[in-house]
Amino acid sequence: MSGVGISNGTRFDTLGPTLTVTTQPAEPASGDAVTATAVLTNDCSFPLLNAVLHLINPRATTAAKTIPLGDLRPGAKTTRSWQTAIPADVAGDVSFTAHVVFDVDERSSDCARSSKTFTVPYEPNGVRDPYRTFATTDDAKFGQYGSQLVIWAGGADFSGGTDEKGGILLPGAAAESSVVQVETVSLTGSDNPTAKYGIAVANDLTAPEKGGYAVLTMSKSYGVEFMTDSDGNGHLDTWAGGGVSTHPAWLRLVRSGTTYTAYTSINNRLSWNEIASATVPSASGALDAGVVASAVNLNYPGTTVQAVFDHFTVEEA
């Protein structure tokens, strides 16, 4: 049936049903008990047949409740509520969603969907095994929310003679042939266009002077940056990248022995753009792999950033 559609509770035209979602409390925090309420009004000139309402919690992959509503005559209004809680490991932009499916003319199926979306603040809550943290700046803090990793960090710079950052790592995870990948979700807390977050690998990320060091980052405003330590002294001295920054984006670093190749994707991995390849002769054995962030605040003293990552993986190639 054409002409029927709802998005975020707003009717596209007079033929569509209206579906809205509200929550109590209106802006719940992590761990809060919540009552969510969905209101469906049939503004169509025809009945909605065999209507079924699906009520979906934040980050859920299946409906918390599925409620058959039967047939709804034109003008009919129905309200359904469900009780739940914001999971303790959920933060960022989250939604309670109602999704109704119905039949028209006993054969044509259509649906409407509405969400109440709000932001649950990230708070430093540490990380769990097998992750480890490290920092070369005193103000670094860390968090883990489901598949998301979060770093709060200052730091004066990220290359040359200065290397100040916070990081979360998997020790010895990157084999001789491996792929390190992450989604860089958001970088907030500073207006510094050179602040950055992304992937790092090294023989020992807590001691980059032991060799194998490279980073692939997305900057706040100046695009992707691929930097390596060509002589094994622990300082990043090669660079490739540039362009326009995209948040979120995907970063991928492929290791083949001592050769690292950097890629980025801005279309959710439908395609990958190769940034550059570089040889890091000091890379040896299984490398530490992790995510890192720095405010690069040499010219923005005292600022810190909040860097959010998702889907961090290290796999053998």
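Just so it is clear, the structure is predicted and the values come from calculations on it, not from any experiment.

**Q** Explain the sheet that holds strand S8 (residues 92–104) residue by residue, including any values.
**A** Taken together, the four strands give an open sheet; going across it, the order is S6-S5-S8-S9, and neighbouring strands pair in antiparallel fashion. The outermost strands of the open sheet, each flanked by one partner alone, are strand S6 (65–72) and strand S9 (108–120). Strand-to-strand, the axes of this sheet are offset by a mean angle of 15°, without reference to chain direction. Here strand S5 (residues 48–56) runs beside S6; their pairing, made up of six bridges, is antiparallel. Pairing of Val52 across the sheet is with Pro68, part of S6.

**Q** Give me the lowdown on the packing of aromatic side chains, citing residues and values where you can.
**A** Taken as a whole and assessed by the stated rule, the structure comprises four aromatic pairs. Look at Trp82 and Phe96: their rings are 6.3 Å apart centre to centre, the planes differ by 65°, and that puts the pair in the edge-to-face class. You can see Trp82 sitting in strand S7 (residues 77–85) and its partner Phe96 sitting in strand S8, a full 14 residues away along the chain. Considering the side-chain rings of Phe96 and Phe118, the 5.9 Å spacing of their centres and the 25° angle between planes classify their relative orientation as stacked. Here the residue Phe96 occupies a position in strand S8, and Phe118 occupies one in strand S9, the gap between them amounting to 22 residues.

**Q** Can you explain the pattern of salt bridges? Please cite residues and give values.
**A** Counted by the stated rule, this structure contains five salt bridges. Among the salt bridges present, the one from Arg255 reaches Glu176, with a minimum N-O distance of 3.6 Å. Of this pair, Arg255 sits in strand S19 (residues 249–256) while Glu176 sits in the loop between strand S13 (166–174) and strand S14 (177–188), placing them 79 residues apart in sequence. Classification of Arg255 by relative accessible area gives buried; the value is 4%. Given a relative accessible area of 41%, Glu176 falls into the partly exposed group. Residue Lys196 pairs with Glu225 through a salt bridge whose shortest N-O separation is 2.9 Å. Here Lys196, found in strand S15 (residues 196–202), pairs with Glu225, found in strand S17 (residues 224–228); they are 29 residues apart in sequence, far enough to count as distant. As far as the burial class goes, Lys196 and Glu225 line up, both buried.

**Q** Lay out empty space enclosed by the protein in plain terms, naming residues and giving numbers.
**A** Evaluation of the coordinates by the stated rule reveals one cavity of 30 Å³ or more. Quantified by volume, the largest cavity comes out at close to 40 Å³. Taken together, Ala174, Ser178, Val180, Val201, Leu253, Arg255, Tyr260 and Leu287 make up the full set of residues lining the largest cavity. Every element with two or more residues in the lining of the largest cavity is listed here: S14 and S19. In terms of residue class, the lining of the largest cavity is made up of six nonpolar, one polar and one charged.

**Q** Lay out the layout of surface pockets with the relevant residues and their values.
**A** If you add up the space inside the largest pocket, you get close to 160 Å³. Around the largest pocket sit 13 residues that line it, and Val244, Thr246, Thr264, Ile266 and Asn273 are the ones nearest its centre. The set of elements that each furnish at least two residues to the lining of the largest pocket consists of strand S20 (259–265) and strand S21 (273–279). For the lining of the largest pocket, the residue count by class is six nonpolar, seven polar and no charged.

**Q** I'd love a proper account of unusual backbone geometry, names of residues and values included.
**A** In the segment running from Gln24 into Pro25, the intervening peptide bond is cis, with an omega of 5°. Here Pro25 lies in the loop between strand S3 (18–24) and strand S4 (33–41). With an omega of 5°, the peptide bond running from His247 to Pro248 counts as cis. One can find Pro248 in the loop between strand S18 (238–242) and S19. In this structure, Asn268 is a non-glycine residue whose phi angle is positive, near 60°. With respect to the helices, strands and loops of the structure, Asn268 is situated in the loop between S20 and S21. Residue Asn268 is classed as partly exposed on the basis of its relative accessible area of 49%. A positive phi angle, near 70°, is found at Arg269, a position not held by glycine. Its place among the elements puts Arg269 in the loop between S20 and S21.

**Q** Describe the nonpolar core, with residues and values.
**A** Residues Ile151, Val201, Phe226, Tyr260, Val291, Phe309 and Phe312 are the most contacted members of the largest nonpolar core, which totals 41 residues. Contact partners of Phe226, with chain neighbours within four places excluded, come to Val215, Leu216, Thr238, Trp239, Ala240, Leu253, Tyr260, Ala262, Ile275, Ala276, Ser277 and Ala278. Counting 34 residues, the second largest nonpolar core, distinct from the first, contains Ala38, Leu40, Phe46 and Val90.

**Q** Provide a residue-level description of the sheet that holds S4, including the pertinent values.
**A** Across the sheet, which stays open at both edges, the three strands sit in the order S3-S4-S7 with antiparallel pairing between neighbours. Among the strands making up the open sheet, the edge pair consists of S3 and S7. Neighbour to neighbour, the strand axes of the sheet diverge by 15° on average, direction disregarded. The sheet contact formed by S3 and S4 spans seven bridges and is antiparallel. Bridging from a neighbouring strand, Gln24 pairs with Thr35 of S4.

Rules used in this analysis
- Residues numbered from 1 in each chain as written.
- Predicted model: local features only at pLDDT ≥ 70, side-chain atom pairs only at ≥ 80, totals over all residues.
- Heavy atoms only, no water.
- Pairing = 2+ DSSP bridges.
- Helix = DSSP H or I, 4+ residues; strand = E, 2+ residues; numbered from the N terminus.
- Axes fitted to C-alpha atoms, helices over the stretch in contact; angles between N-to-C directions.
- Phe/Tyr/Trp six-rings, centres within 6.5 Å; stacked < 30°, edge-to-face > 60°.
- Salt bridge = Lys/Arg side-chain N within 4 Å of Asp/Glu carboxyl O.
- Buried < 20%, exposed > 50% of the residue type's maximum accessible area, 1.4 Å probe, protein only.
- 1 Å grid on protein atoms, 1.4 Å probe; cavity = no way out; pocket = protein on both sides within 12 Å on 5 of 7 lines; lining within 4 Å.
- Points joined across faces, edges and corners; volume = space filled by probe spheres on them.
- Nonpolar A, V, L, I, M, F, W, Y, C, P; charged D, E, K, R; others polar.
- Core = buried A, V, L, I, M, F, W, Y, C linked by side-chain atoms within 4.5 Å.
- Contact = heavy atoms within 4.5 Å.

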